[in-house]
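Next come the chains, spelled out residue by residue.
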Amino acid sequence: MGVDQLTAWLVAAQQGDRRALERFIAATQTDVWRLCRHLGDPDSADDLAQETYERAIAALHRYRAEGPATSWLFTIARRTCADATRRRSRRRRRQAETAHEQLDDPRFVPIDQVRVELDDLLARLDPDRRAAFVVTQVLGLRYEEAAEVLGCPIGTIRSRVARARADLLDMIGPAAGTQAPPSATMEA
């Protein structure tokens, strides 16, 4: 089995070829940004993608070329987003402690009463389901690749994607005034 072009560029970059690194980044930046947009905070996607590449370049010497370069890079992006989510959660908890009285404000409108878009729906998914859904359905990775990127068995990926689909249908069904048929099954 031959090495794909992205992996070849990353191996060359590892050996000091700056142009190969530039090509690798240019070829992967859209998918990395999309992954960061959906797994992290959409407003911070640019920063998360940049941090992903900073981490990847710093860890380049540890890349072993045992799998596709994109799997290695997407794993770094996923971890970058998870770290950012943890930081954001801590910050929100601190803010919530000081702004609790705002929730009692009658002008506060709950999210289910607002027309939500895909980003909002994805943000409401369980983080593991969202990650599996985004890497397979948005980025188009095969389930085997997604399992490697997310560090879990392929069956778990299939299950998480199916559950994410069902969750998304449940979320949009009432909002659209329709209900998904109870007999509908989701295949992964």
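See above for the structure.
Position labels on residues start from 1 in each chain and follow its written sequence. In view of the model being predicted, local features appear only for residues whose pLDDT reaches at least 70, and side-chain atom pairs are presented and counted only at 80 or more, with totals across whole chains, interfaces and linings using the full set of residues. Note: side-chain values were computed over all heavy atoms of the structure, leaving out hydrogens and water.

Colleague: Could you clarify how one ought to interpret helix α6 (residues 127-138) in this entry?
Modeller: Classification of residues uses two cut-offs on accessible area relative to the type maximum, computed with a 1.4 Å probe and protein chains only: under 20% is buried, over 50% is exposed, and between them is partly exposed. Secondary structure elements are taken from DSSP: a helix is a run of H or I of four residues or more, a strand is a run of E of two residues or more, and numbering for both begins at the N terminus. The set of residues buried in α6 consists of R130, A131, A132, F133, V134, V135, T136 and V138. For the purposes of these results, a polar contact is taken to be a pair of N or O atoms within 3.5 Å, where, inside protein, one atom must be able to donate a hydrogen and its partner to accept one; residues adjacent in sequence count only when each atom of the pair is a side-chain atom. Measuring from the side-chain oxygen of the N-cap residue of α6 to the backbone nitrogen of D128 gives 3.1 Å; that N-cap residue is D126. Looking one or two residues beyond α6, the residue adopting positive phi is G140, at roughly 80°.

Colleague: Just to check I follow, could you spell out the packing of aromatic side chains for this structure?
Modeller: Think of a pair of aromatic rings as described by two things: how far the centres are apart, and how the planes are tilted against each other in angle. Stacked, tilted and edge-to-face pairs are distinguished by plane angle, under 30 degrees for stacked and over 60 for edge-to-face with tilted covering the rest, among Phe, Tyr and Trp rings (Trp via its six-membered ring) whose centres lie within 6.5 Å. What the rule picks out here adds up to one aromatic pair. A centroid spacing of 5.1 Å and a plane angle of 55° characterise the contact between Y63 and W72, whose relative ring orientation is tilted. An identical accessibility class is assigned to Y63 and W72; each is buried.

Colleague: Teacher, can you tell me more about the packing of helix α2 (residues 18-39) against α6 here?
Modeller: In a pair of packed helices, the angle between the axes and the distance between the axes together describe the arrangement. In contact at an axis separation of 10 Å, α2 and α6 are set at 150° when each is read in the N-to-C sense. Taken together, α2 and α6 sit at an angle that is classed as roughly antiparallel. Here the hand of the crossing between α2 and α6 comes out right-handed. For the pair α2 and α6, contact is made by R34, L35, H38 and L39 and by R130, A131, V134, V135 and V138, respectively. Taken together, the residues of the contact of α2 with α6 break down into six nonpolar, one polar and two charged. Lines are fitted to the C-alpha atoms to define the axes, a helix being fitted only along its stretch in contact, and any angle between axes, read from their N-to-C directions, falls within 0 to 180 degrees. Convention used here: angles under 35 degrees read as roughly parallel, angles over 145 as roughly antiparallel, angles from 65 to 115 as roughly perpendicular, and any remaining angle as oblique. Should the near helix be turned anticlockwise from the far one by less than a right angle, the crossing is left-handed, and should it be turned clockwise, the crossing is right-handed. Should any heavy atoms of two residues lie within 4.5 Å, those residues are counted as being in contact. Residue type decides the class: Asp, Glu, Lys and Arg count as charged, Ala, Val, Leu, Ile, Met, Phe, Trp, Tyr, Cys and Pro as nonpolar, and the leftover types, Gly among them, as polar.

Colleague: So what exactly am I meant to see when it comes to the pattern of salt bridges here?
Modeller: When the charged atoms of two side chains with opposite charge come close together, those side chains can pair. Each reported salt bridge corresponds to a side-chain nitrogen of Lys or Arg within 4 Å of a carboxyl oxygen of Asp or Glu. In the structure shown here, the tally under the stated rule is 12 salt bridges. Between E22 and R19 there is a salt bridge; the shortest N-O distance is 3.3 Å. Residue E22 and its partner R19 are both found in helix α2; the two are separated by three residues, about one turn of the helix. Accessibility expressed as a relative area gives 47% for R19, which makes it partly exposed. Across the pair E51 and R55 runs a salt bridge, and its minimum N-O distance is 2.8 Å. Residue E51 and its partner R55 are both found in helix α3 (residues 45-58); the two are separated by four residues, about one turn of the helix.

Colleague: Help me understand the nonpolar core in this model?
Modeller: Proteins that are soluble and globular tend to have nonpolar side chains buried together. Formed by 47 residues in total, the largest nonpolar core has its most connected members in V32, L35, W72, L150 and I157. For this core, the elements supplying multiple residues, two or more each, are α1 (5-14), α2, α3, α4 (69-98), α5 (118-124), α6, α7 (143-150) and α8 (154-175). Here this core gets eight residues from one element, more than from any other, and that element is α4. Leaving out residues up to four positions away in the same chain, L35 has contacts with G40, F74, A77, R78, C81, V134, V135 and L139. By nonpolar core we mean a set of buried residues, namely Ala, Val, Leu, Ile, Met, Phe, Trp, Tyr and Cys, connected to one another through side-chain atoms within 4.5 Å.

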